[in-house]
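These are the residues of each chain, in order.
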Amino acid sequence: MTAEINQLSTLLWQLLGFDEPVRVRDVELSAVNDEHQLREKLARVVMDEMYQFVGLLDRKGRLLDVNRAALEGAGIRLEDLKGKPFWEARWWRVSEEIMEDQRQACLRAADGTFVRYDVEVYGEAAGEHTIIIDYSLIPVTDQSGAVVFLLAEGRNITEKKRAEAEIARKNHELELLLARIRELDEVKSQFFANVSHELRTPLALMLGPTERMLQAASLTDTDRRDIEIIRKNAFMLLKHVNDLLDVAKLDAGQMGLDYQEADLAALVRSMAGHFEALAPERNVRFLVRAPEALAAQVDRSKIERVALNLLSNAFKFTPTGGRIVCTVGQADDRWAVISVQDSGPGVPPQMREAIFERFRQADGSASRRAGGTGLGLAVTKEFVELHGGSVSVADSPGGGALFQVSLPLKAPDGTAVRPADEAEAAPERNPTVAGMLGQLSETHTAEAEPMSPAPDRTGAPLVLVVEDNADLRRFMVETLRYRFDLRIASDGRQGLDMAREHRPDVILTDIMMPRMSGDQMIEAIREDPALADTPILVLSAKADDALRIRLLRRGAQDYVVKPFSPEELTARVANLADVKRARDVLRGELKSSQRNIEALAKDMAARSRQLARALDEAHVARQQAEAAAAAKSRFLGMASHELRSPLQIFELYLEVLKRAPALAEGREAKAVANLAGASRRMADIVNSILEQSAVESGKISVSPEYFDLRGLAEQVVADVGERAVAQGQTITVEPGNEIVVYTDCKLMRLVLVNLIENAIKHTDGAAVTVSLSEGHDEARCTVADTGPGIAPADQAVIFQPFEQLGDVRRKHTPGVGLGLSLVKSLLETLGGRVELESAHGRGSRFTAVLPRQEADGGDAP
């Protein structure tokens, strides 16, 4: 037997391939070891070299052996642990709870249960740091099935757990972000609903009086033309408002279908008829191909919008002399097809999905050929998909774009379908049609009527007017032609050519124009040495703060935000023309060696003062432009431009109407006054949106100065007092001494205006009180009303943008929910805060708190 064992040992040693004894740490292997010794030593080597935690316990949980990695990780020795309870070892002393869990695990394993769980132990840096292990206890049984040993095993999963924790954290962040996105979507939908509600009221007050005024027999041709321009732009505004309202309804899932029997061919022909007068004006060949009749079950109003949007899009991009074909037919007995093809530039393949997204346009640059908010095709797609159909775009066979709509001819089974209703809205009464036609004619209509001849302005400053909007272009020409010699261009490319040809004294330009935008034209002018010093005044409604600053830095001398007054425009152009001519004269004099040096110096000083005055005015204009609010998103930028453009034309022509003798008194004068009030209200809404965007983006500038806070409050009360008196209210400022503060007076005025107007809005026939006080560190201005008060649960909500108490569909107080949000944001910008004391039914007290700051390096007066 001994010989057999020795033979096996020799064979095992030969398998190992060693010629002499080998030592691995504390284990020595040699040829004199018998088989059992070799196996035991090899097992020891395996255990010591294992990275995992491996240990052997007896049935009572006492440690018999453990591998080297586990000992070194905890900074302990095997001699100190042998025969002792496993749960008392340093690995488990992270907490009493972990030690107890290990004791219970040993008891369960001793009963034959396989135990496995994740646990934190001391296992790194000699027991200084903890790790997380995937730990298991395996019962080891003898031949009779009795548990005799417990095998402990653990793998370091710290990094895995960290990764899982990071993934869980990221998932939680994504969930929070998703919840925030959903919340913002709800706020956006509520905002659209609020804006639509607020804008529709003044629009109704605009359209109603204009309709009555157009029927007056005493109007002159000029007055009638001006009122028609107001009416057209009001319809354009209403069209934008309706698009926003449709988006809000679609987002809220409130856009349903009202199916009725309809003749689809007649419906499309009717919508195409609205464009028949526009086609010859644009020299566009317009064809409609449709069968005599095509019965279908659809929501008539929505399919009318689909047809109008597709045709409007085709006319928008088809050039003069182009071709548009609208076709209606059946694909089979279940589907109808409406297609519109044009000869325009077409849609690039990479943009064919994007153009159906909201607020997206194939060309979103400042030089795009057509304006708009980017909602028409998006609304078209969603209306078609509500019917169960589809819309696509491809290349037209003759060049251009081909839009194709597929619609089911039958309503879904079980859907109620009303009988046919042939009544249609007349084009001039349909705001969507009127708004679309007005927008299409906006940049393509030439001067409709000849202007009365202006006096000979030979020798007057030469001004180049570059504006693509025909109505606004005509207004600026009528404003400036009696003082300046004018040249007119309808886009940036034409403007650049005329500037090089005529060398004007001043260039007056818009930004967003076809072929070449205003900013591109300015860069080209500044690169031309002959035009490098020509003053440029930018006149635009584009709410783009970065572009505004860039233009002022790269060559524009002045920037005027629409709307503007005729007097302001004339004064700014005159200042720039005077500076230009003074500079030209000065240069001519410097070239002449015969000019008396002293006289020349005096002349230079005079011209320098003129230049300094003009530069000061330009600096003020630049500061105002840089402090203006800008939308932080593409939509608000485009929407502000699209809303303000027709609105500023509206206001400009109202100023003209106020001076017309036929409208100076009677019902017509009252109508003009109502129009002016509605226009101001719309302007306030749009400006509030832009101010909020500026505050949120951190682009509002603070210019502190010393002023009397009580005096400012009295001025604001005097300004808004007329409205309060009209509502049977009184506003009083409690008497007291002056309170001098050092902060931005303009921003603080905006705070007080919003607080006092909020109090007037919610106080019916009662008093509003303004009180002021001061302490060592702060000044306080409190506006108290006797209105319905605010419940505690609503007091935090009212300071959020676009939030209002109550259902917008039943609200009777004006506003879009920005006033108190602006108050809070502006005061925080000034280093202050707003406080609110209110209870339901007991009125409210809003307090603006300002720190008592002083100018750096100086004392307060």
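Per chain, residues are indexed from 1 in the order of the written sequence. pLDDT decides what is reported in this predicted model: residues at 70 or higher carry local features, side-chain atom pairs at 80 or more are listed and counted, and totals for whole chains, interfaces and linings draw on all residues regardless. Excluded from the side-chain calculation are hydrogens and water; included are all heavy atoms of the structure.

**Quick notes on the pattern of salt bridges**
Once the charged atoms of two side chains with opposite charge are near each other, the side chains can pair.
Here is step 1: In the sections that follow, a salt bridge refers to a side-chain nitrogen of Lys or Arg positioned within 4 Å of a carboxyl oxygen of Asp or Glu. Evaluation of the coordinates by the stated rule reveals 34 salt bridges.
Here is step 2: With a closest N to O distance of 2.8 Å, D558 and R572 form a salt bridge. Here the residue D558 occupies a position in strand β19 (residues 558–561), and R572 occupies one in helix α16 (residues 566–591), the gap between them amounting to 14 residues.
Here is step 3: Any residue under 20% of the maximum accessible area for its type is buried, any over 50% is exposed, and the rest in between are partly exposed; the area is computed with a 1.4 Å probe on protein chains only. Classification of R572 by relative accessible area gives buried; the value is 16%. Note on conventions: DSSP H or I runs of at least 4 residues are helices, E runs of at least 2 residues are strands, and numbering of each starts at the N terminus.

**A word on empty space enclosed by the protein**
Here is step 1: Residues are said to line a cavity or pocket when one of their atoms sits within 4 Å of a point; the points come from a 1 Å grid over protein atoms alone, cavities being sets where a 1.4 Å probe fits but cannot get out and pockets being open sets with protein on both sides within 12 Å along at least five of seven lines. Grid points are joined across faces, edges and corners, and a volume is the space filled by probe spheres set on the points. Per the counting criterion, the structure on display carries 2 cavities of 30 Å³ or more.
Here is step 2: Taken as a whole, the second largest cavity encloses approximately 40 Å³ of empty space.
Here is step 3: Forming the walls of the second largest cavity are D519, I522, E523, R550, L551 and R554.
Here is step 4: Going through the elements one at a time, α14 (518–526) and α15 (545–554) are the ones with two or more residues in the lining of the second largest cavity.
Here is step 5: Note that Gly is not counted as nonpolar here; it falls among the polar residues with everything else outside the nonpolar set of Ala, Val, Leu, Ile, Met, Phe, Trp, Tyr, Cys and Pro and the charged set of Asp, Glu, Lys and Arg. For the lining of the second largest cavity, a count of residues per class yields 2 nonpolar, no polar and 4 charged.

**Section: the packing of aromatic side chains**
Here is step 1: A pair of Phe, Tyr and Trp rings is counted when the ring centres sit within 6.5 Å of each other, with Trp represented by its six-membered ring. The angle between the planes then sorts it: under 30 degrees is stacked, over 60 is edge-to-face, the rest tilted. Evaluated as defined, the whole model comprises 12 aromatic pairs.
Here is step 2: Ring geometry for F53 against W91: centres 5.0 Å apart, planes inclined by 70°, an arrangement best described as edge-to-face. In this pair, F53 is assigned in strand β3 (residues 53–58) and W91 in the loop between α3 (68–74) and α4 (96–110), connecting sequence segments 38 residues apart.
Here is step 3: Residue W91 is classed as buried on the basis of its relative accessible area, which comes to 1%.
Here is step 4: On the numbers, 6.4 Å between centres and 65° between planes, the contact of F53 with W92 is edge-to-face. Of this pair, F53 sits in strand β3 while W92 sits in the loop between α3 and α4, and the two are 39 residues apart along the sequence. The pair F53 / W92 is uniform in exposure class, with both members buried.
Here is step 5: Among the aromatic residues, ring-to-ring pairing joins F53, F86, W91, W92, Y117 and Y135 into one connected group.
Here is step 6: In this scheme, Lys NZ or Arg CZ marks a charge over a ring once it lies within 6 Å of the ring centre and within 35 degrees of the ring normal. K302 extends its terminal NZ or CZ atom over the ring of F383, reaching a point 5.7 Å from the ring centre.

Bear in mind that shape data such as this cannot, by itself, settle questions of function.
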